[in-house]
Amino acid sequence: MLEELNVVNLGVIEHARIEPGPGLVVVTGETGAGKTLLLEAVRLLGGGVATSAVGPHGTEALVEGRFNADGGEVVAARRLVAGRSRAYLDGGMVSAAALVEAVGSLVEIVGQHESVHLGRPAAARRLVDAALDGDGEKLRLAYAEAWEHLQHLEDAAAGLDLHRLERELEMARFQAGEISAAGFRPGDDDRLRNEAASLRHATEIGDGLARAADLLGGDGGVEDRLGEAGAEVRRLGRLDATLVEIENAIAALIAGIAEVLGDLARRDDSADPHRLEEVERRLALLGDLQRKYGASLEDVLAFGDQAEDRAAELTSLIENSVDLADRLQRARTDVTTLAGELTRHRRDAADRLATAVVQELGALGFVAPVVRFEIVPVDPGPTGGDTVK
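What comes next is a walk through the structure.

Parameters and conventions
Going along each chain's sequence as written, the residues are numbered from 1 onward. Where local features are concerned, this predicted model is filtered to residues with pLDDT of at least 70; where side-chain atom pairs are given and counted, the filter is 80 or more; whole-chain, interface and lining totals use all residues. Heavy atoms from the whole structure form the basis of all side-chain values; hydrogens and water molecules are not counted. Secondary structure counts use DSSP, requiring at least four H or I residues in a row for a helix and at least two E residues in a row for a strand, with both numbered from the N terminus. Any residue under 20% of the maximum accessible area for its type is buried, any over 50% is exposed, and the rest in between are partly exposed; the area is computed with a 1.4 Å probe on protein chains only. If DSSP finds at least two bridges between two strands, the strands pair. Think of each axis as a best-fit line through the C-alpha atoms, taken over the contacting stretch in the case of a helix, with angles from 0 to 180 degrees between the N-to-C directions. Working rule for contacts: check all heavy atoms of both residues, and any pair within 4.5 Å makes them a contact. Here the expected length of a helix is defined as 1.5 Å per residue gap, with one fewer gap than residues.

## Here's the deal with the environment of Gly32
Thinking step 1. The residue Gly32 is located in the loop between β2 (13-18) and α1 (35-45) in this model.
Thinking step 2. By relative accessible area, which is 60% here, Gly32 ends up exposed.
Thinking step 3. Separated by 19 residues in the primary sequence, Gly32 and Ile13 place their C-alpha atoms 10.0 Å from one another.

Structure representation (structure tokens):
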């Protein structure tokens, strides 16, 4: 209900302020007084397209309206400046579409040849829905719930491209399998590099170790000289008992050299070409994996773990998507079924409403009045599977 209307500089109206009271309010005046402009002001507040010009009393026109909507207050305004229009709702700037949403249903303009409000399918549908019987109203609520459920499932399905998920799963499995099949463990990179270096220089290393063994244990080597030194200290020890510690130290050195010589004797540094080929192959494989999955072996192994986790996640998503597809199909069937039933109830309600309106018009003196609602099936939407005209 419009409680207050304020119009400034709209066409010939310099300033007009109206506070309609309850019941019928009649605005009269001679031709050109501005009655149509007041109607235009109400159209503007309902979100209509501005057709009137700014008046001569300033550079802009202003229309403001205060409405009572379900016990609450809504304040709307339109400002016309230099051929442009701005809309306001409760003091904040909004689009004209938002103004239509908030105020459009509060404004009904009935002309000589048309009803703007009834010309809107949404308004006609609301009239018919208001005439639904108890079963019809329950069906309308059931349809709204089914439609909301369908939208929820479609939103979920929109993020689940089954073909994309299957391709991604195939890739994740390949990556995880390739890394796992390589059989690398943490630290293998350093061990392989060290072993490869040893195998590549096996001859040089073997020759050097042989010379070292000869220096330690060969004729005139360190072992012989220490033996001679030990014998001399033992001889002198018979003269000086304190030399026993030096004798023991020399004995320990001789034992240590013997242990080293044993290690050198057991060391086989002959080059195994097959082992070197295997190590080189493993290093080449590691290099290939690093080019694909990470700069280090640790990065490669971490990538493999992530690929395994992703494969498990994708498997679960694909299984769920199959179930989701079944649920989505059932939800679409439910919506289509309920839409058809709701359309039948709306047609019955439309017939009852038209009959009641014709009777009312007849009582008002109209001769042979005709009122008819046309309910046309359309694809299901938020309010049903039909449009009301």
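## Some thoughts on the sheet that holds strand β3 (residues 60-69)
Thinking step 1. The 6 strands are arranged β2-β1-β3-β4-β5-β6 in an open sheet whose pairing can be described as antiparallel. The open sheet has two free edges, formed respectively by β2 and β6 (92-94), since each of these has just one partner strand. If you compare each strand with its neighbour and ignore which way they point, the axes differ by 20 degrees on average.
Thinking step 2. Relative to β6, strand β5 (residues 84-89) runs antiparallel, the two sharing 3 bridges. Counterpart to Ala87 in the pairing with β6 is Val94.
Thinking step 3. Here α1 sits on the sheet and contacts β1 (2-10), β2, β3 and β4 (72-81); the angle it forms with β1, its principal contact strand, is near 110 degrees.

## Description of the environment of Val222
Thinking step 1. Mapped onto the secondary structure, Val222 falls in helix α8 (residues 222-237).
Thinking step 2. Of the residues examined, Val222 reaches a relative accessible area of 34% and is grouped as partly exposed.
Thinking step 3. Residues Val222 and Ile257 lie 35 residues apart in sequence; the distance between their C-alpha atoms is 8.3 Å.
Thinking step 4. What Val222 contacts, discounting residues up to four positions off in sequence, is Leu215, Leu216 and Ile257.

## Considering helix α4 (residues 134-158)
Thinking step 1. An ideal rise of 1.5 Å per residue puts 36 Å on 25 residues; α4 measures up with 36 Å between its terminal C-alpha atoms.
Thinking step 2. Summarising the contacts, the buried residues of α4 are in contact with α11 (297-363), β7 (375-381) and β8 (384-388).

## Thoughts on unusual backbone geometry
Peptide bonds are mostly trans, and most non-glycine residues show a negative phi.
Thinking step 1. Within the chain, Asn9 stands out as a residue other than glycine whose phi angle is a positive 55 degrees.
Thinking step 2. Positive phi, normally seen in glycine, also occurs at Asp90, with a value near 55 degrees.
Thinking step 3. Along the chain, Asp90 turns up in the loop between β5 and β6.

## Side note on the pairing of β2
Thinking step 1. With 5 bridges connecting them, β1 and β2 associate as antiparallel partners. Bridged to Val8 within β2 is His15.
Thinking step 2. Counting the residues that bridge the hairpin from β1 to β2 gives 2 residues, and of these Gly11 lies at a positive phi of roughly 60 degrees.

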